[in-house]
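Fold and contact review
Okay, here's what each chain looks like letter by letter:
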Amino acid sequence: CIMSDPRNALEAIGQLPDAEIDIADAALQLARVDMPDADWEAARAALSLLAREAVAVAEGIGPEDLAEQAVALQRLVAGGHGYRGDSETYDDPANANLIRVVARRRGLPVALGVVWLHAAHAAGWAAHGVDFPGHFLIALAGAGEQVVLDVFDAGRRLDARALRALLTTFEGAQAEWRPDLLRPMGSRAVLLRLQNNIKLRRLRAGDLPGALACTEDMLRIAPEEASQWREAGLMNSRLDRVAAALRCYERFLALLPTGETAERVRAAMDELRSRLN
């Protein structure tokens, strides 16, 4: 059974087209790798219940009724199930692990975003992540419009003024609005942003092997992500795993053979080969 080994499940997800990824299930598999002893089946049952309730609240709300969709999701996810941003212990690694997020009903913006997207997709609504600087958001989309919600703040709806205020919070008073700030993210990109939180915390704690393991799991679900192959190469190199570093750099060059970064990677490979001699 594929469920018996979460890493096998991640590799299977890595072969899927983005539109076919079940975002909550994928995040659960990542959480199982991260915390093997946590009760993932309880989390799965809670997410199944949330999905069933989302189907029920969606009745009578059309695909274009974005404002109604937003209110229904706010009532269900934040109201009924009590999901909130964890501003007290924001840097707790549990906030990026979906099993712990479901158990505590608290998490980082992107981990909460997975829960909200899971509910919205179960309801049959078009929803996607938004890779906003410093703060993950979600958007409901339809009829050429979108409604942007801050899942960290109980799904508060953000109008243009609120979005500009949020931007200045993260980029300073001089921040300029750019059209790409609300660009939709695919499921794979959301999952990578979720894992990146864990990787950065491990790097800050000086746990390079742990950060590398996290990167390797990111590559299981996103084997075409060139920048992650380069990072894996750098980490392997720093850990003196020369053959592994060379393999990672080769994968990077297969995906991005030209340009400045490719030249730097070739130079790094030459230096590694000289270590082998």
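Being a predicted model, the structure only gives us computed values, none of them experimental. (Residues numbered from 1 in each chain as written. Predicted model: local features only at pLDDT ≥ 70, side-chain atom pairs only at ≥ 80, totals over all residues. Heavy atoms only, no water.)

1. Points about the nonpolar core
Our working rule: For the purposes of this section, nonpolar cores are sets of buried Ala, Val, Leu, Ile, Met, Phe, Trp, Tyr and Cys residues that join through side-chain atoms within 4.5 Å. Here the term buried applies to any residue with accessible area under 20% of the maximum for its type, exposed to any over 50%, and partly exposed to those in between, with areas from a 1.4 Å probe on protein chains only. Comment: elements are numbered from the N terminus, with helices defined as DSSP H or I runs of at least four residues and strands as E runs of at least two. Note on contacts: a residue pair qualifies if any of its non-hydrogen atoms lie within 4.5 Å across the two residues.
The biggest cluster of nonpolar side chains holds 63 residues, and the ones touching the most others in it are Leu73, Val77, Leu98, Trp116, Trp125, Leu140 and Leu191. Sort the elements by how many residues they give to this core and helix α6 (residues 109-122) lands first, with nine residues. If we skip the residues at most four places from it in the chain, Trp116 touches Leu73, Gln74, Val77, Ala78, Ile138, Leu149, Val151, Ala154 and Gly155. With 19 residues, the next largest nonpolar core counts Ala232, Cys248, Tyr249 and Ala262 among its residues.

2. A word on the pattern of salt bridges
Condition: Salt-bridge detection follows one rule: a side-chain nitrogen of Lys or Arg within 4 Å of a carboxyl oxygen of Asp or Glu.
For the structure on display, the rule yields 19 salt bridges. Residue Arg104 pairs with Asp86 through a salt bridge whose shortest N-O separation is 2.9 Å. One end of the pair, Arg104, is in helix α5 (residues 98-104); the other, Asp86, is in the loop between β1 (84-85) and α5, and 18 residues separate them in sequence. With its nearest N and O atoms 3.4 Å apart, the salt bridge here joins Asp270 to Arg273. With Asp270 and Arg273 both in helix α12 (residues 260-276) and three residues apart, this pair spans about one turn of that helix. A relative accessible area of 37% places Arg273 in the partly exposed class.

3. Thoughts on the side chain of His128
Threshold: Definition of a polar contact: a pair of N or O atoms within 3.5 Å, with one able to donate and the other able to accept a hydrogen when the atoms are protein atoms, and with sequence-neighbouring residues admitted only if both atoms are side-chain atoms.
Of note, His128 is situated in strand β3 (residues 127-130). A polar contact of 3.1 Å, which involves the side chain of His128, links it to the side chain of Gln146.

4. So, the environment of Ala24
Looking at the element boundaries, Ala24 is found in helix α2 (residues 23-34). A residue is classified by how much of its surface remains accessible, and Ala24, at 2% relative accessible area, is buried. Sequence separation between Ala24 and Ala175 is 151 residues, and the spatial gap between their C-alpha atoms is 33 Å. Apart from residues lying up to four places away in sequence, Ala24 is in contact with Leu47, Leu98, Val114 and His118.

5. What to know about the packing of α2 against helix α8 (residues 187-204)
We apply this condition: Axis lines are fitted through C-alpha atoms, for helices just across the contact stretch, and the angle between N-to-C directions can take any value from 0 to 180 degrees. Under this scheme an angle from 65 to 115 degrees is roughly perpendicular, one under 35 degrees roughly parallel, and one over 145 degrees roughly antiparallel; angles in between are oblique. Here a crossing is taken to be left-handed if its near helix is turned anticlockwise relative to the far helix by less than a right angle, and right-handed if that turn runs clockwise. Residue classes follow a fixed rule: Ala, Val, Leu, Ile, Met, Phe, Trp, Tyr, Cys and Pro count as nonpolar, while Asp, Glu, Lys and Arg count as charged, and any other residue, Gly among them, counts as polar.
Closest axis-to-axis distance for the α2/α8 pair is 10 Å, and the angle between their directions is 20 degrees. Taken together, the axes of α2 and α8 are roughly parallel relative to one another. In this structure, α2 crosses over α8, and the sense of that crossing is right-handed. Touching Ile23, Ala26, Ala27, Leu30 and Asp34 of α2 are Ser187, Val190, Leu191, Leu194, Gln195, Ile198 and Arg202, all from α8. Among the residues forming the contact of α2 with α8, the class breakdown is eight nonpolar, two polar and two charged.

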